[in-house]
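Report on the structure
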Amino acid sequence: MSKNKESKINIAYIDQEAVYDVTIIGGGAVGLFTTFYSGMRGLKTKLIEASRELGGKVTMGFPDKTISDIGGIKEITGQNLVKELVKQAKTFDPTIVCGQFISDLQPLENGNFRLISQTGEVHETRTIILTLGSGLIRPMKLEVDGVEYDGYHNLHYTVEEYGQFADKNVLISGGGDSAVDWADELHSIAKNITVVHRRDEFRAFENSVQKMKEQVDVLTPYTIKDVQNEKNYLTQVTLENLETGKIRDIEVDALLVNHGFSSELGGIKNWGLEMSEGQILVNDAMETNIPGIFAAGDVVTYPNKLNLFVAGFTEGPMAINSANGYLNHSSEPMAMYSTHHEKLYELTNR
Ligand SMILES: Cc1cc2nc3c(=O)[nH]c(=O)nc-3n(C[C@H](O)[C@H](O)[C@H](O)COP(=O)(O)OP(=O)(O)OC[C@H]3O[C@@H](n4cnc5c(N)ncnc54)[C@H](O)[C@@H]3O)c2cc1C
């Protein structure tokens, strides 16, 4: 837990009105559903997400993949699941904050917690639910000397808009699902696509790899050695053949780097939470070893834990029931039915 932060924070600026019953840290699938359930239990709820976008590893890693193992939903794409979860999470009008990576915790004398983001924002809350997944997920940076993460206007790590690649000479670097899928997807709108990968084998569905090889130029085993630019626009990329050492330059209008993801839990690792192999240990009520702090989803571990949506969608409500019991000692853990929820009834005009 962080100490000696007091001097950096002016307590007078903390709006006491803005003390929340529950603050959920992590806006992935589990954090979003937990936010909804917290609202169902009538708790004043805030959700804080480090990225600019909600949805966690679904948004980052597999927005276009089809998910078929959530009860009652035969098939749904990752991005549609996130869209529905966000809509559901907003039902009871929680506060949702994006772009803040929470790193420090200060227990306060009144029993509340103060949370501090890496960029200095402060939040006060009575309980905390950690739905951190694997931590903050970031695409792996292009490892070329002198290249900054977002140093060029036409260097991309994700496809935010197809238009950015229309009629362009696009170089895609990577050998996994994302690189192969984007090559197949952008092929119809780009002028030309070249895929460069350091190995001859690709880690993706065989059909997709086959389609890619038929449709676009594939260079293996090559790696990006250097880049040239004009006014912060990449113009040319220098490739090196890893077997022969042969160098080759290709002109680019856009470079898409899909080298996988890295993730980090950051300062939360120092809060004094009991961990096991990078995950937070919880009991069968989703309580951590720190009273008032609960956890759910991929970040937790307990015997027979499953890293599945359905597991997190159960753990979230369990964590909220425990937080509710912590706040209001007379409250029994209970399964609250949405079918018999008066406020939900009003809000959805049923
Ligand atoms: C390729 C792949 C395919 C999968 N397919 C399936 C499937 O078909 N069916 C299934 O049931 N499961 C599947 N899963 C598992 C499923 O995706 C996860 O169980 C689920 O997404 C976990 O959600 P989460 O909210 O716990 O974590 P995450 O999605 O990882 O979300 C955690 C969020 O917390 C944020 N965060 C972390 N630290 C902080 C901090 N300090 N401050 C603020 N925010 C923070 C992160 O930015 C992130 O947005 C798959 C997983 C992968 C990787």
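**Structural notes on the overall build of the chain**
Helix and strand counts for the chain stand at seven helices and 22 strands. If you line up the chain on its principal axes, its C-alpha atoms span 70 × 50 × 40 Å. Counting only residues that meet the buried cut, the chain has 48% of its 350 residues in that class. Here the contacts in the chain between residues at least 6 apart in sequence split such that 58% fall between residues at least 24 apart. Taking the average place of the 32 positive charges on the side chains of the chain and the average place of its 48 negative ones, the gap between the two points comes to 1 Å.

**Some words on the sheet that holds strand E20 (residues 279–281)**
Taken in spatial order, the three strands make up an open sheet running E19-E20-E22, and their pairing is mixed. The sheet is open, and its two borders are formed by strand E19 (275–276) and strand E22 (300–301), each paired with just one other strand. One ladder, built from two bridges, connects E19 with E20; its direction is antiparallel. Paired with Met275 across the two strands is Ile280, which belongs to E20.

**Description of the side chain of Ser208**
Assignment of secondary structure puts Ser208 in helix H5 (residues 206–215). With a relative accessible area of 16%, Ser208 lands in the buried category. If near-sequence neighbours (up to four positions away) are discounted, Ser208 is found in contact with Val180, Asp181 and Asp184.

**A word on the sheet that holds strand E16 (residues 247–251)**
Remark on secondary structure: sheet strands pair via backbone hydrogen bonds, oriented parallel or antiparallel. Here we have three strands laid out as an open sheet, ordered E14-E15-E16, and antiparallel in their pairing. Taken across any chain shown, the strands that pair with only one partner, and hence form the sheet edges, are strand E14 (222–230) and E16. Direction aside, the axes of adjacent strands within the sheet are offset by 25° on average. Pairing analysis gives eight bridges linking E14 to strand E15 (residues 233–241), with the strands arranged antiparallel. Bridging from a neighbouring strand, Asn229 pairs with Leu234 of E15.

**Describing the domain arrangement of the chain**
Split by domain assignment, the chain resolves into domain 1 (6–137 + 262–347) and domain 2 (141–259). Distance from the C-alpha centre of domain 1 to the C-alpha centre of domain 2: 36 Å.

**Focus on the environment of Phe294**
Here Phe294 is to be found in strand E21 (residues 293–295). Accessibility expressed as a relative area gives 2% for Phe294, which makes it buried. Residues Phe294 and Met334 lie 40 residues apart in sequence; the distance between their C-alpha atoms is 17 Å. Among residues more than four places away in sequence, those in contact with Phe294 are Thr127, Ile128, Ile129, Leu130, Met286, Glu287, Thr288, Ala319, Ser322, Ala323 and Tyr326.

**Some words on the site of the ligand**
The immediate surroundings of the ligand are formed by 32 residues, with Glu49, Lys57, Asp69, Ile102 and Asp298 found nearest. Take Ala50: an N or O atom from its main chain is 3.0 Å from a nitrogen atom of the ligand. Within the backbone of Lys57, a nitrogen or oxygen atom sits 2.9 Å from an oxygen atom of the ligand. For the ligand, whose accessible area on its own is 1,000 Å², the fraction buried by protein is 83%. Of all the secondary structure elements, the ones that give two or more residues to the shell around the ligand are helix H1 (29–40), strand E2 (45–49), helix H2 (56–61) and strand E9 (136–139).

**Looking at the pairing of strand E12 (residues 192–196)**
Where a strand is regular, its side chains alternate between the two sheet faces. Taking burial as the measure, the five residues of E12 include four buried ones, the bulk of the element. Pairing geometry for strand E11 (residues 169–173) and E12, over five bridges, is parallel. Bridge pairing in E12 places Leu171 opposite Thr194. Running through helix H4 (residues 177–186), the crossover from E11 to the neighbouring parallel element E12 is right-handed. Bridging between E12 and strand E13 (residues 217–219) involves three bridges; their strand directions are parallel. Looking across to E13, one finds that Thr194 is bridged to Asp217.

About the cut-offs
Residues numbered from 1 in each chain as written. Predicted model: local features only at pLDDT ≥ 70, side-chain atom pairs only at ≥ 80, totals over all residues. Heavy atoms only, no water. Helix = DSSP H or I, 4+ residues; strand = E, 2+ residues; numbered from the N terminus. Buried < 20%, exposed > 50% of the residue type's maximum accessible area, 1.4 Å probe, protein only. Contact = heavy atoms within 4.5 Å. Lys, Arg positive; Asp, Glu negative; His and termini not counted. Charge placed at Lys NZ, Arg CZ, Asp CG, Glu CD. Pairing = 2+ DSSP bridges. Axes fitted to C-alpha atoms, helices over the stretch in contact; angles between N-to-C directions. Domains from an automatic or database assignment. Near = heavy atom within 4 Å. Polar contact = N/O pair within 3.5 Å; in protein donor to acceptor, adjacent residues only side chain to side chain. Areas by Shrake-Rupley, 256 points an atom, 1.4 Å probe, with all protein chains shown as cover. Right-handed = clockwise from strand over helix to strand, strands pointing away.

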